[in-house]
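Letter by letter, the chains look like this.
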Amino acid sequence: MEKRQLGQSELWVNPIGLGCMGFSHAYGRAMDEKEAESIIRDAAAMGYDFFDTAEAYFGTFPDGRATYNEERVGHALRGICDKVVIASKCGVHHNPDKSLRTDSRPEVIRASLEQSLKRLGTDYIDLYYQHRIDPRVEPEEVAGVMADLIKEGKIRYWGISEANEEYLRRANKVCPVTAVQNRYSMMARQHEKLFPVLEELKIAFVAFSPMANGFLTGKYTANSKFSAEDFRRDMPQYTEEGVKKGQELLTMLHDLAAEKQATPGQISLAWILCKKPYLFAIPGSRRRERLEENLQAGEVKLTQAEIAAIDTKLAGMDLLVFTGHPQKK
């Protein structure tokens, strides 16, 4: 698998990175800290070199102890931080009802960064995202503090998660944006309208939830059960109606997988990577065998004609999919 350049930065990474959120929360109870760190280290040994975490990623053990995702990533990668790219994010906190609370005031970004550096155990962060747009803070103000942090050597590059065109253009004028990180998969294609802008500005697109929170692996049915701590429990693609509507897509994935000697999940990742040279994907998993499978998706090739045929079929499908937690002030 050939490495790709993240935007116009000096960062070259494998186009399949590791989304680390699930090690602390979201997909069930927080993992045992030592086991989580062991899996992250194993991922690096497999060839993963792009690790994604965030200030907002933390979970709670049954005894009430908190576990911070950035700490797990930092401990796991200690000693090899200079050989991998670590991305983190600021500006978002989860409310008890799972909605998001944004705060991108410059002083909050600075305070968040200091805590992230401490948890990661490093002097700088390679790629630092504004986790969500804060409607109360102008993009120029956010870009200005990011430019200052780059000058100070505390971050190398910056990006925006769930960016739109207007916000991206305004921010990029103040401080060049290296990457956007948006939800993107065969089931969530609303951000494809950004592609021309990204090509114009030479900005990378990092796709999170590239397999629609696991649905595109074909491993789940309407009878699959998720724990109370698992976000998938409330996602529309896993309802009886969602599974039924997704069957045509899953059948297409299984057929392509058989043709390419791959798995449905690998086809869904290859569809992203083969579509555009500036696309990256950061699927997450707690299982070593799944990490290996995801990484090998970089060897699956789809032609532009095959991608166009897939897109034509997708355009005719009526799919239900989770599109994100609501934002509240």
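Each remark here, short or long, concerns the structure printed above.
Residues numbered from 1 in each chain as written. Predicted model: local features only at pLDDT ≥ 70, side-chain atom pairs only at ≥ 80, totals over all residues. Heavy atoms only, no water.

Draft legend 1. Structural context of the overall build of the chain. Tallying secondary structure elements over the chain gives 10 helices and 15 strands in all. Relative to a compact globule of 329 residues, whose C-alpha radius of gyration would be 20 Å, the chain shows 19 Å and is just as compact. The principal-axis extents of the C-alpha atoms in the chain amount to approximately 50 × 50 × 40 Å. Evaluated residue by residue, the chain yields a buried proportion of 58% over its 329 residues. Considering only contacts in the chain between residues 6 or more positions apart, those separated by 24 or more positions represent 76%. Surface exposure of the chain reaches about 14,300 Å², of which carbon and sulfur atoms provide 49%. On the chain, the mean spot of the 45 positive side-chain charges and the mean spot of the 47 negative ones are 2 Å from each other. (Helix = DSSP H or I, 4+ residues; strand = E, 2+ residues; numbered from the N terminus. Rg over C-alpha atoms; globule rule 2.2 N^0.38 Å. Buried < 20%, exposed > 50% of the residue type's maximum accessible area, 1.4 Å probe, protein only. Contact = heavy atoms within 4.5 Å. Areas by Shrake-Rupley, 256 points an atom, 1.4 Å probe, with all protein chains shown as cover. Lys, Arg positive; Asp, Glu negative; His and termini not counted. Charge placed at Lys NZ, Arg CZ, Asp CG, Glu CD.)

Draft legend 2. Structural view of the packing of helix H7 (residues 240-260) against helix H10 (residues 304-315). Direction vectors running N to C along H7 and H10 enclose 165°, while the axes themselves pass 11 Å from each other. Taken together, the axes of H7 and H10 lie roughly antiparallel to each other. H10 is crossed by H7, and the crossing has right-handed handedness. Of the residues in H10, those touching H7 at Leu-249, Met-252, Leu-256, Glu-259 and Lys-260 are Glu-306, Ile-310, Lys-313 and Leu-314. A breakdown of the residues in the contact of H7 with H10 according to their chemical character gives five nonpolar, no polar and four charged. (Axes fitted to C-alpha atoms, helices over the stretch in contact; angles between N-to-C directions. Parallel < 35°, antiparallel > 145°, perpendicular 65-115°, else oblique. Left-handed = near helix turned anticlockwise from the far one by under 90°. Nonpolar A, V, L, I, M, F, W, Y, C, P; charged D, E, K, R; others polar.)

Draft legend 3. Just the environment of Met-235, in detail. Mapped onto the elements, Met-235 comes out in the loop between strand E13 (204-208) and H7. For Met-235, a relative accessible area of 3% gives the class buried. Residues Met-235 and Asn-213, 22 residues apart in the sequence, show an inter-C-alpha distance of 8.9 Å. The contacts of Met-235, once residues within four sequence positions are left out, are Asn-213 and Phe-322.

Draft legend 4. Highlighting the pairing of strand E11 (residues 155-161). Counting buried positions along E11 yields six of seven residues, so the element is predominantly enclosed. When strand E10 (residues 125-130) meets E11, the two strands line up parallel, connected through five bridges. Among the inter-strand pairings, Leu-127 is bridged to a residue of E11, identified as Tyr-157. The parallel pair E10 and E11, bridged by helix H4 (residues 139-151), forms a crossover whose chirality is right-handed. Regarding the hand of the β-α-β motif, the stretch spanning E11, helix H5 (residues 165-174) and strand E12 (residues 179-183) is right-handed. (Pairing = 2+ DSSP bridges. Right-handed = clockwise from strand over helix to strand, strands pointing away.)

Draft legend 5. Representation of the nonpolar core within the structure. In this structure, Phe-51, Met-146, Trp-158 and Leu-249 are the most contacted members of the largest nonpolar core, which totals 92 residues. Broken down by element, the residue count for this core peaks at seven residues, all from H7. Not counting residues within four places of it along the chain, the set of residues in contact with Leu-249 comprises Met-186, Met-187, Leu-216, Leu-314, Met-317 and Leu-319. Among the nonpolar cores identified, the runner-up in size contains 15 residues, and Leu-127, Tyr-129, Phe-280 and Ile-282 belong to it. (Core = buried A, V, L, I, M, F, W, Y, C linked by side-chain atoms within 4.5 Å.)

Draft legend 6. Highlighting the side chain of Thr-217. Looking at the secondary structure, you find Thr-217 in the loop between E13 and H7. The class of Thr-217 is buried, set by a relative accessible area of 10%. At a separation of 2.6 Å, a polar atom in the side chain of Thr-217 contacts the main-chain carbonyl oxygen of Gly-214. A polar side-chain atom of Thr-217 sits 3.3 Å from the main-chain amide nitrogen of Lys-219. When sequence neighbours within four positions are dropped, the list of residues in contact with Thr-217 reads Met-211, Pro-264 and Gly-265. (Polar contact = N/O pair within 3.5 Å; in protein donor to acceptor, adjacent residues only side chain to side chain.)

Draft legend 7. Fine view of unusual backbone geometry. Phi at Ala-212 is positive, roughly 55°, even though this residue is not glycine. Assessed through its relative accessible area of 3%, Ala-212 is described here as buried.

Draft legend 8. Spotlight on the environment of Val-321. Looking at where Val-321 falls in the secondary structure, it is placed in the loop between H10 and strand E15 (327-328). Accessibility expressed as a relative area gives 17% for Val-321, which makes it buried.

Draft legend 9. Layout of the pattern of salt bridges. Counted under the stated rule, the structure contains 31 salt bridges. Glu-165 is the salt-bridge partner of Arg-169, the closest N and O atoms lying 2.9 Å from each other. Highlighted residues: Arg-169 and Glu-165, both in helix H5, separated by four residues, approximately one helical turn. Given a relative accessible area of 28%, Arg-169 falls into the partly exposed group. Under the relative-accessibility criterion, Glu-165 is labelled partly exposed at 36%. Where Glu-306 meets Lys-260, a salt bridge forms, and the shortest distance between an N and an O atom there is 3.0 Å. Placement of Glu-306 in helix H10 and of Lys-260 in helix H7 is noted, with a sequence separation of 46 residues between them. For Lys-260, a relative accessible area of 25% puts it in the partly exposed group. Residues joined by salt bridges that share partners form a network here, namely Glu-33, Glu-37, Glu-71 and Arg-72. (Salt bridge = Lys/Arg side-chain N within 4 Å of Asp/Glu carboxyl O.)

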